[in-house]
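Remarks on the overall topology
Chain by chain, the residues:
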Amino acid sequence: MRIININGPINSGKTTISKLLKEKLPFCLFIEVDELLSDDEQKKLQLTREEGWAERLKRLNQIILEEKKIQRYENIVFAYPMTKKSYHQWKLWEDENTKFINITLAPQLDICLQNRGERKLTESEKQRIKQMYSEGYNRPEFSDLIIDNSSQRPIETLKNILYFLIKEIK
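Throughout, a residue's number is its position along its own chain's written sequence, starting from 1. The model is predicted, so local features are restricted to residues of pLDDT at least 70 and side-chain atom pairs to those at 80 or more, both for listing and for counting; the totals for chains, interfaces and linings are taken over all residues. Only hydrogens and water are set aside; all other atoms, that is, all heavy atoms of the structure, feed into the side-chain values.

What follows covers the packing of aromatic side chains. Each pair of aromatic rings taken from Phe, Tyr and Trp, with Trp reduced to its six-membered ring, is defined by centres within 6.5 Å and is described as stacked if the planes are under 30 degrees apart, edge-to-face if over 60, and tilted in the remaining cases. Across all of its chains, the model carries 9 aromatic pairs by this definition. Taken together, a centroid distance of 5.7 Å and an interplanar angle of 55° make the contact between Trp53 and Tyr80 tilted. With Trp53 in helix 3 (residues 49–70) and Tyr80 in the loop between strand 3 (75–79) and helix 4 (84–91), this pair connects stretches of sequence that are 27 residues apart. Relative accessible area serves as the criterion here: at 26%, Trp53 is assigned to the partly exposed category. Residues Phe78 and Trp93 carry aromatic rings whose centres are separated by 6.1 Å and whose planes lie at 80° to one another, so their mutual orientation is edge-to-face. Note that Phe78 is positioned in strand 3 and Trp93 in the loop between helix 4 and strand 4 (99–105), a separation of 15 residues in sequence. Across this residue pair, the class does not change: Phe78 and Trp93 are buried. Taken together, the ring pairs in this structure connect Trp53, Phe78, Tyr80, Tyr87, Trp90, Trp93, Phe100 and Phe142 into an aromatic cluster. Against the face of Trp53 rests Arg56, its NZ or CZ located 4.5 Å from the ring centre. Helix and strand assignments follow DSSP, with helices taken as H or I runs no shorter than four residues and strands as E runs no shorter than two, numbered in order from the N terminus. Any residue under 20% of the maximum accessible area for its type is buried, any over 50% is exposed, and the rest in between are partly exposed; the area is computed with a 1.4 Å probe on protein chains only. Over a ring means this: the NZ of a Lys or the CZ of an Arg is within 6 Å of the ring centre and within 35 degrees of the ring normal.

Shown next, in the form of structure tokens:
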């Protein structure tokens, strides 16, 4: 089993690429981390933004651990902006049957700050993107593959990832 995180700052294309990967990889589950806890549920539980993300990650971990037991999928893909701490925690998912792969999408900052596709960025999201770039989310030292997808269509980025994954199998 491969567990693949599509990493990167807000608006880098993580969800778009993850959905495309789900269509191309055999026996693949895509987990939309954003949807593991709704905003309404977060408010009802009176969780801060940080606590809400911690709860989403807890739920993600539970899903992946359950899927490792069941072995229904060859590939699990999720989109999440990863920190070094979470990377090291998620590397613990690896065993003789499981490989964790972290792929970072890293468009140039000016591209990432633009409205792309259907997404319309709020000012707070734009500020968070700038902060994420200053914190190095676009160039993590722990990434297995970093793709500058500034001038790529999603299908081109997908092809780069699939080529990388094929090389990983050999």
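For the rest of this paragraph, the subject is the environment of Glu125. Along the chain, Glu125 turns up in helix 6 (residues 123–134). Note: C-alpha distance between Glu125 and Ile64 (61 residues apart in sequence) is 28 Å.

In a helix, the anticipated span is given by 1.5 Å times the number of residues less one. With 12 residues, helix 6 should reach 16 Å at 1.5 Å per residue; the first-to-last C-alpha distance of 17 Å fits that figure. All buried positions along helix 6 are accounted for by Glu125, Arg128, Ile129, Met132 and Tyr133. Buried positions in helix 6, seen along its axis, are confined to an arc of 140° and lie on one side of it. Seen from the open side of helix 6, the exposed residues pointing more than 90 degrees away from its buried face are Glu123, Ser124 and Ser134. The contact definition used throughout considers only heavy atoms, calling two residues in contact when any of these lie within 4.5 Å. Against helix 3 and helix 5 (109–112) lie the buried residues of helix 6. Directly after helix 6, the chain includes Gly136, whose backbone phi takes a positive value near 85°. It is the directions from the helix axis to the C-beta atoms that the arc portrays.

Okay, the sheet that holds strand 3 next. Only when DSSP finds a minimum of two bridges between them are two strands counted as paired. A sheet is described by the order of its strands in space; here 5 strands give the open sequence 2-3-1-4-5, paired in parallel fashion. Lying at the two open borders of the sheet, with one neighbouring strand each, are strand 2 (28–31) and strand 5 (145–147). Here the strands of the sheet are splayed against their neighbours by 20° on average, with no regard to which way each runs. Angular values range over 0 to 180 degrees, each being the angle between N-to-C directions of two axes fitted as lines to C-alpha atoms, with helices fitted over their stretch in contact.

Pairing of side chains with opposite charge becomes possible as their charged atoms draw close. For salt bridges, the criterion is a side-chain nitrogen of Lys or Arg within 4 Å of an Asp or Glu carboxyl oxygen. In total, this model carries 9 salt bridges according to the counting rule given. The partner of Glu94 in a salt bridge is Lys91, and the shortest N-O contact between them spans 3.1 Å. Within this structure, Glu41, Glu55 and Arg59 form a network of salt bridges that share partners.

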